[in-house]
Amino acid sequence: MNPDDLPPVAPDVLADAVEQLSARLRKKLDAATAACAEHAVPAADGSVTVRFGEDAVVTLHPDPLGTVTRPEQALCTCLLAPRCLHRAAVLCAAPIADAERAGAAGEAEGTDHGPVAAPADGVPTAAAGETRTAGGAPEPGTATGAAAPGREASEPGTGAVTPSSASASEPPLSDPSAPVGPTAGQVRAAEALWAAGAEALAAGVTAGGAVVQAELLRAAHTVRLAGLPRAEAAALRVVRGLRSARQRGQGQRLGDLADAFRELLAGAALLMSGAAGAAAAGSTRRAYEQGGSLRVFGLCREPVLSATGYGGVATHLVGQDGSLYSVSDVRPGGLARARGAGTASVALGGAVLDHADLARGGLRIVGATVSADGRLGAGRGVSATPLRGVHWSEEPAAALFARPVREAMAAALDGLAQGQGGGEAGLLGCDVEVVGAAGEYVVARVAGDGPLLRLRPAHPHPELPHADNLRRIARYPGVLLRVLGRPDPDRAATLRPLAVGSVPGAAHTLRLPDAWLGRADLGYDRLQGAHFPRESPESAHRGPVTAGPDPLADAPLWRVRRLLETGVAGGRRAVAEAGRGADAAGLPAPLHRAGLGGAARLAADLAAEADRRPRDAFGRLTDASSDGYARAWLASAVHLAAAERSLVVASWS
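Conventions and cut-offs
- Residues numbered from 1 in each chain as written.
- Predicted model: local features only at pLDDT ≥ 70, side-chain atom pairs only at ≥ 80, totals over all residues.
- Heavy atoms only, no water.
- Core = buried A, V, L, I, M, F, W, Y, C linked by side-chain atoms within 4.5 Å.
- Buried < 20%, exposed > 50% of the residue type's maximum accessible area, 1.4 Å probe, protein only.
- Helix = DSSP H or I, 4+ residues; strand = E, 2+ residues; numbered from the N terminus.
- Contact = heavy atoms within 4.5 Å.
- Pairing = 2+ DSSP bridges.
- Polar contact = N/O pair within 3.5 Å; in protein donor to acceptor, adjacent residues only side chain to side chain.
- Axes fitted to C-alpha atoms, helices over the stretch in contact; angles between N-to-C directions.
- Salt bridge = Lys/Arg side-chain N within 4 Å of Asp/Glu carboxyl O.
- pLDDT = per-residue confidence, 0-100.

The subject of this paragraph is the nonpolar core. Leu29, Phe261 and Trp633 are the most contacted members of the largest nonpolar core, which has 95 residues in total. The greatest single-element share of this core, amounting to eleven residues, is contributed by helix α4 (residues 184–207). If we ignore the near neighbours within four places in the chain, the residues touching tryptophan 633 are Leu201, Ala258, Phe261, Arg262, Leu265, Leu564, Val568 and Leu606.

Take a look at the structure:
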């Protein structure tokens, strides 16, 4: 039986079980956990039993939602129970339950992950956020850029109820009259989370076993009780990342776990400072507010596919004032659900149309309810009437393509940094001329002597038409396209197109059916040869195709990232060894030559702090705290993220 087939366990239940173990039993916990899931046997009543020899049987009795949320739901027949190794091992082997108990009706919104993005290794991950990783997609109340597209994908927020069916009349959880900054209790909870995160970082993946994870889960439960769901989500993301890395999960990248640690420590440090705003706390549920009457027009559809088995569609819309909105429908079903949801009915205010019609049509909505990230809700008082759709060349859609590309890209990334869009960069539109294929991406130049862009599939899954459509586009150099997609915040001058359309007035552009309203959704429609001009223009590129310089790849910042990831993998000791090894001498010089003196200094400080282990005359540590090391690691990680983001923005010039 796969460990993921065990019922999810609430973080506080697991933390309590580990805390009750003696020091001797804690040393045996990781070994006991590794083998127990193979002996799990499900029963007809929903319980799961795990046998340890002849005298010990652990039984998990999940609640009706399939989650172990109370200590008495985990029983063992041995004499030491409940303070026994068997019970703790089974709980450690089980998945960690979502903050709000995954699958709870009316709560879990599958598209909290955002549409799935493609990480560097090609493994589909939810954006994580995460958020955007198979172990790092965004969690409720978070604003990642995990995870990833992403965004996080075994993270919370993927339930059977779609955003459009969530209760729109529910009031926000936060009190507008409450103080803006964190309370004293929240500061104390953040301090506990920082301490647990620092110890986990110092341990690294190699030593970050069940005991270290339990301390993080204890801290996560503490910040949850203190009303800090965003901090709790960050802690759960780190724990899931540690688990996946120790199990060598295919969907886990070391860089994603490093980003999760950065998010956890940075959020805890901000809360500890007492200067955090109300947004730093996050919220456990998406709050829908009254938006009055709206007229919205479809832009495109986007398949949503989560690594946790959820699938669906998000239809993007634009309001008369240029504001962006979305209507989502994500439920269990995986790939089949994602493919079929493109023509599923829209459950919004009684409107009789499906997502395909909405993507090329419009709605007049009375009593609209809108979340902070533009999700349209479906409360009892919402009513909607279909409207005629608009071409991308008509207002208000045309404004998306009139903005200078670098300005639009910077705005999209700013929205990501501020936690808008569910952990994904905002939409960006531009006109491009196709140059050709270069490796795994299509090279195109922004119209008007703009920069060269790399067009990559919004989702690499072979059963979705994104990649096939881009391959066909690459066969027609010189063709002009109007593109709507998401800029990739982690790659230089990279755009992930969601839809393409004809360029008004251009001779060599797409020739799409009238029913498509001049555009094609790359995740659902399939481009054919008849949709392209028969002859290429004389100006079309004929020679080998290159994407031009990549300032992010050319910069020596990868050396800093390698040092940070070394710390995540091997802990403080690995960073200290790297600081004393042959690579240490070669680290600062390339950074200084590239004008990255700040990165060089911070990396040197990190290596020095990792190696600082003061001892007394008897060889005993006089300062065993990991606080200084965590601060040095965080300073270097935050600087690296800012430097890489600056290079990405510059590549769009």
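In terms of burial, strand β14 (residues 494–501) is largely enclosed, as eight of its eight residues are buried. Bridge analysis of strand β12 (residues 452–455) against β14 gives two bridges, and the strand direction is parallel. When the bridges of β14 are listed, arginine 454 appears paired with threonine 494. With antiparallel pairing between neighbouring strands as the criterion, strand β13 (residues 480–487) and β14 make up a hairpin whose turn holds six residues, including alanine 493 at a positive phi of roughly 45°.

Another point: the side chain of arginine 486. If you trace the backbone, arginine 486 turns up in strand β13. Looking at arginine 486, the relative accessible area reads 11%, which means it is buried. Among the polar contacts made by the side chain of arginine 486, one reaches the side chain of glutamate 302 at a distance of 3.1 Å.

With that settled, consider the sheet that holds strand β2 (residues 48–52). The sheet built from four strands is open, its strands ordered β1-β2-β3-β4 with antiparallel pairing. Looking along the sheet, the strands with just one partner apiece sit at the ends: β1 (40–42) and β4 (74–76). Strand after strand, the sheet turns through a mean of 20° between neighbouring axes, direction not considered. Pairing between β1 and β2: three bridges, direction antiparallel. When the bridges of β2 are listed, alanine 40 appears paired with valine 50.

Two side chains that carry opposite charge are able to pair once their charged atoms sit near each other. Inspection of the entire model under this criterion finds 29 salt bridges. Its salt-bridge partner being aspartate 521, residue arginine 301 comes within 2.8 Å of it at the nearest N-O pair. Linking arginine 301 in strand β5 (residues 289–305) with aspartate 521 in strand β15 (residues 519–521), this pair joins segments that are 220 residues apart in sequence. In this structure, arginine 301 and aspartate 521 share a single accessibility class: buried. Across the salt bridge formed by arginine 388 and glutamate 394, the nearest N and O atoms sit 3.6 Å from each other. For glutamate 394, a relative accessible area of 27% corresponds to the partly exposed category. Each of the salt bridges in this network shares a partner with another, and the network as a whole consists of Arg301, Arg360, Asp521 and Asp525.

Taken residue by residue, the protein gives an average pLDDT of 82. The fraction at 70 or more is 82%. Model confidence for the protein, summarised as mean pLDDT per element, is weakest for helix α15 (residues 582–586) at 67 and strongest for β15 at 97. Of the regions scoring below 50 in pLDDT, residues 101–178 engages in 334 contacts with residues more than four places distant in sequence or in other chains.

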